[in-house]
Amino acid sequence: MLEILQKWYQRIFFKEEAILLSVLLVLALVLLLTVGDILTPVLAAIVLAYLVEGLGSRMTAYGFPPWLALTVSFLVFAGLFFGFLLLVFPLIWRQLLGLFQELPAMIDQVNTWLVVLPAQYPQLISEAQIAQVVDFAQAELARFGPSVLSFSLASIPLLVGVLIYLILVPLLVFFFLKDRSIILNWLSGFLPSERPLLSRIWREMNEQVSNYARGKVIEILIVGAASYLAFLWLGLNYAALLGVFVGLSVIVPYVGAIVVTIPVFLIGLFQWGFGTEFYWLMVVYLLIQILDGNVLVPLLFSEAVNLHPAAIVLAVVFFGGIWGMWGVFFAIPLATLVKAVINAWPKPEQNPLE
């Protein structure tokens, strides 16, 4: 048994750089598990810097001075960042509060629908089962108010932390853009001078993650704006809130679209019932999802992130489980990193420089 393990070790780690890469991956995983929440603003700033750096690179390619490209790209980012906070976020917050206030009426309406079910389908459901469901819903609703109050009081320190992040993240984005070369040179100083494996992985990751991040933000903006305008045109309540949900749902392919369909379906059903407006809502929403999956995604991404759907779902489940919501957001880039490592890992019969 020991001899088998020794042969396996020599086959996998026959290059010193492979051992170094393994140590770096283990260290990164330990950091995510232990201080992942603390590093969240740093990682968010890195992603945002990727987005802004793309605009600066294009301006530099067109002949603009680097300092002007940096200034303009950062001002565009700052305008969008604080514009969302000052204009869009208050509207979403008001609609979210309105939805919470309307929840009791929605639950009463559900109870009304449930009461008539035993008479319509006596073979499938009984009055006792309906009574149990109604009692459970009323008990949960009775606990909902105190829960919201306790959450609002307990969230005061959280709000202070959010305000700090709103200052830290733009500052980090600026310094990451301004001193990008200095930071990368400093980090490379801790690595061996000869690192073909790491260089190959870095080139692949740098290209794919930057393409993914830019494409995903563009997809969020287009899908969210199209959904908001469509919901507004149809007269759906909470159009801005649902538009943001639909836009953010594209972060998690396949799963996000299924999950966000539930609030769109329920709010439309509570507002109109099974009427013409409701059917138009579902047709328009389905059309947006079809155009996103079959037109927008191929145009934005092409082969930038070539992952099997099963790999994407597994990445979302795994990284979301160890890192929460941020793990879901970074699931595809992290899965792309795993794929790049597997593809670039040296083999005994292969020269890693090829």
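The structure presented is a predicted model; accordingly, all values stated were derived computationally and were not measured.

Mean pLDDT over the protein stands at 76; residues scoring 70 or higher make up 77%. Here residues 350-354 scores under 50 on pLDDT; set against residues more than four positions off or in separate chains, the count is six contacts.

Membership of the largest hydrophobic core comes to 39 residues, with the highest contact counts inside it found for Phe231, Val246 and Val264. Considering every element that reaches this core, the biggest residue donor is helix α9 (residues 196-234), with six residues. Those residues within four positions of phenylalanine 231 in sequence are excluded, and the remaining contacts are Leu236, Ala239, Leu242, Gly243, Val246, Val264, Leu281 and Tyr285.

Although it is not a glycine, tyrosine 238 adopts a positive phi angle of roughly 60 degrees. Along the chain, tyrosine 238 turns up in the loop between α9 and α10 (239-249). Owing to a relative accessible area of 12%, tyrosine 238 belongs among the buried residues under this scheme.

Our next topic: the packing of α10 against helix α11 (residues 255-272). Running from N to C, α10 and α11 cross one another at 165 degrees; their axes reach a closest spacing of 8 Å. Between α10 and α11, the angle falls in the class roughly antiparallel. The handedness of the crossing between α10 and α11 comes out as left-handed. On α11, the residues that touch Leu242, Phe245, Val246 and Ser249 of α10 are Gly256, Ala257, Val260, Pro263, Val264 and Ile267. Among the residues forming the contact of α10 with α11, the class breakdown is eight nonpolar, two polar and no charged.

One pass over the full model with this rule turns up two salt bridges. A salt bridge links lysine 178 to aspartate 179; its shortest N-O distance comes to 3.3 Å. A residue is classified by how much of its surface remains accessible, and aspartate 179, at 19% relative accessible area, is buried. Between glutamate 219 and lysine 216 there is a salt bridge; the shortest N-O distance is 3.1 Å. On the criterion of helical spacing, the pair formed by glutamate 219 and lysine 216 is a turn pair, its members being three residues apart in helix α9. Side by side, glutamate 219 and lysine 216 carry an identical accessibility label, which is buried.

Let's shift gears to the packing of aromatic side chains. Each aromatic ring pair is specified by the distance between its two centres and by the angle formed by the two planes. Within the structure shown, the criterion is met by nine aromatic pairs. Ring centres 6.4 Å apart and planes at 25 degrees place the aromatic pair phenylalanine 89 and tryptophan 93 in the stacked group. Here phenylalanine 89 and its partner tryptophan 93 are both found in helix α4 (residues 66-115), four residues apart, which amounts to about one turn of the helix.

Our next topic: the side chain of aspartate 292. Residue position: aspartate 292 is located in helix α12 (residues 276-301). Lysine 216 provides the closest opposite charge to the buried, unpaired aspartate 292, separated from it by 7.1 Å.

Calculation criteria
- Residues numbered from 1 in each chain as written.
- Predicted model: local features only at pLDDT ≥ 70, side-chain atom pairs only at ≥ 80, totals over all residues.
- Heavy atoms only, no water.
- pLDDT = per-residue confidence, 0-100.
- Contact = heavy atoms within 4.5 Å.
- Core = buried A, V, L, I, M, F, W, Y, C linked by side-chain atoms within 4.5 Å.
- Buried < 20%, exposed > 50% of the residue type's maximum accessible area, 1.4 Å probe, protein only.
- Helix = DSSP H or I, 4+ residues; strand = E, 2+ residues; numbered from the N terminus.
- Axes fitted to C-alpha atoms, helices over the stretch in contact; angles between N-to-C directions.
- Parallel < 35°, antiparallel > 145°, perpendicular 65-115°, else oblique.
- Left-handed = near helix turned anticlockwise from the far one by under 90°.
- Nonpolar A, V, L, I, M, F, W, Y, C, P; charged D, E, K, R; others polar.
- Salt bridge = Lys/Arg side-chain N within 4 Å of Asp/Glu carboxyl O.
- Phe/Tyr/Trp six-rings, centres within 6.5 Å; stacked < 30°, edge-to-face > 60°.
- Lys, Arg positive; Asp, Glu negative; His and termini not counted.

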